[in-house]
Amino acid sequence: MAERTGTARRSPLNRDRVLSVAVALADETGIEGLSMRKLAQELGVVPMALYKHVANKEELLDGMVDAVVGGIGDPPEGADWKDAVRNRILSARSALRGHAWALQALRSRTRPTPAVLAYLDSVIGTFRAGGLSLDLTHHAMHALGSRVLGFTQELYDAPPPQAGPPEPGPSAEESAAVAARYPHVTELTRSVAHDRESVVGQGCDDQFEFEFALDLLLDGFEKLHGQGWKSTNAGGTRS
């Protein structure tokens, strides 16, 4: 990292430099390995010097999140609302995936940071500029959920890599028993794992699955917009 050079250590300390080095350090060591003491050491200053620029580690993490989210690219000029929202969300996904720690830090925030609010404001503004009503835009943002920032929570995350030799898999008898008890899960799992001509290839492609669901949502919003959909009915308003 550049901060380990003598020239970099002598450069003035400011908030942007603190955040830039914190992001680089987290990229290298992970968010668990980031501390104010380690950051101060990387910057070549005493830890107390950091507190002139960030009040504590939580404020540091807020700033790091903003540094990443602030780098999300703008959609191409002239794009319609649907393409613009799609491009913006995929740009967010790319930005977050470029920093393995960013998703964990973002989830740990108790409220949106300024850059996150600005990003959400721009997405809402794109829907509104495309003619979508406030009503539909409200429900569209709920439907997108965390997907608007480029990530989703799977029902079951992939297990972490094992240390040492892999554990033996189930026996043929155990596999047959599971298949008999859960036939539809087994059928789907075997189909995905062995259909070599599938669009997603062997197993599940996270990027394909993300874009597949995103496109379904955007197509649905477009259809509802064309129909002049409203969330009100005879029984009142759904929020």
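Coordinates for the structure precede this section.
Being a predicted model, the structure only gives us computed values, none of them experimental.

Caption draft 1: View of the nonpolar core. Among the nonpolar cores identified, the biggest contains 50 residues, and L60, M64, W101, Y119 and F127 are the most heavily contacted of them. Excluding residues that lie within four positions of it along the chain, Y119 makes contacts with V69, I72, R88, I89, A92, V148 and L149.

Caption draft 2: View of helix α2 (residues 15-29). In this model, α2 (15 residues) spans 21 Å end to end at C-alpha, consistent with the 21 Å of a helix rising 1.5 Å per residue. Every buried residue of α2 is accounted for by R17, V18, L19, V21, A22, V23, L25 and A26. One side-chain oxygen of the residue at the start of α2 lies 3.3 Å from the amide nitrogen of D16, identifying that residue as N14.

Caption draft 3: The arrangement of the pattern of salt bridges in detail. Scanning all chains against the criterion turns up eight salt bridges. Ionic pairing is found between K82 and D219, a salt bridge with its closest N-O pair at 2.4 Å. Residue K82 is found in helix α6 (residues 81-97), and its partner D219 is found in helix α12 (residues 206-226); the two are separated by 137 residues along the sequence. Residue classification places K82 among the buried residues on the basis of a relative accessible area of 17%. Accessibility expressed as a relative area gives 39% for D219, which makes it partly exposed. R86 serves as the salt-bridge partner of E211, at 2.9 Å between the closest nitrogen and oxygen. One end of the pair, E211, is in helix α12; the other, R86, is in helix α6, and 125 residues separate them in sequence. By relative accessible area, which is 24% here, R86 ends up partly exposed.

Caption draft 4: Inspection of the packing of aromatic side chains at higher detail. Within the structure shown, the criterion is met by three aromatic pairs. Ring geometry for W81 against F127: centres 5.7 Å apart, planes inclined by 50°, an arrangement best described as tilted. Pair noted here: W81 is in helix α6 and F127 is in helix α8 (residues 114-129), with a separation of 46 residues, a long-range link. Ring geometry for F208 and F212: centres 6.1 Å apart, planes at 15°, overall stacked. You can see F208 and its partner F212 sitting in helix α12, four residues apart, about one turn around the helix. The exposure class of F212 is partly exposed, given its relative accessible area of 46%. Note that R93 overlies the ring of F210, its terminal NZ or CZ placed 4.4 Å from the centroid.

Reading the values: the criteria
Residues numbered from 1 in each chain as written. Predicted model: local features only at pLDDT ≥ 70, side-chain atom pairs only at ≥ 80, totals over all residues. Heavy atoms only, no water. Core = buried A, V, L, I, M, F, W, Y, C linked by side-chain atoms within 4.5 Å. Buried < 20%, exposed > 50% of the residue type's maximum accessible area, 1.4 Å probe, protein only. Contact = heavy atoms within 4.5 Å. Helix = DSSP H or I, 4+ residues; strand = E, 2+ residues; numbered from the N terminus. Expected span 1.5 Å × (residues − 1). Polar contact = N/O pair within 3.5 Å; in protein donor to acceptor, adjacent residues only side chain to side chain. Salt bridge = Lys/Arg side-chain N within 4 Å of Asp/Glu carboxyl O. Phe/Tyr/Trp six-rings, centres within 6.5 Å; stacked < 30°, edge-to-face > 60°. Lys NZ or Arg CZ within 6 Å of the ring centre and 35° of its normal.

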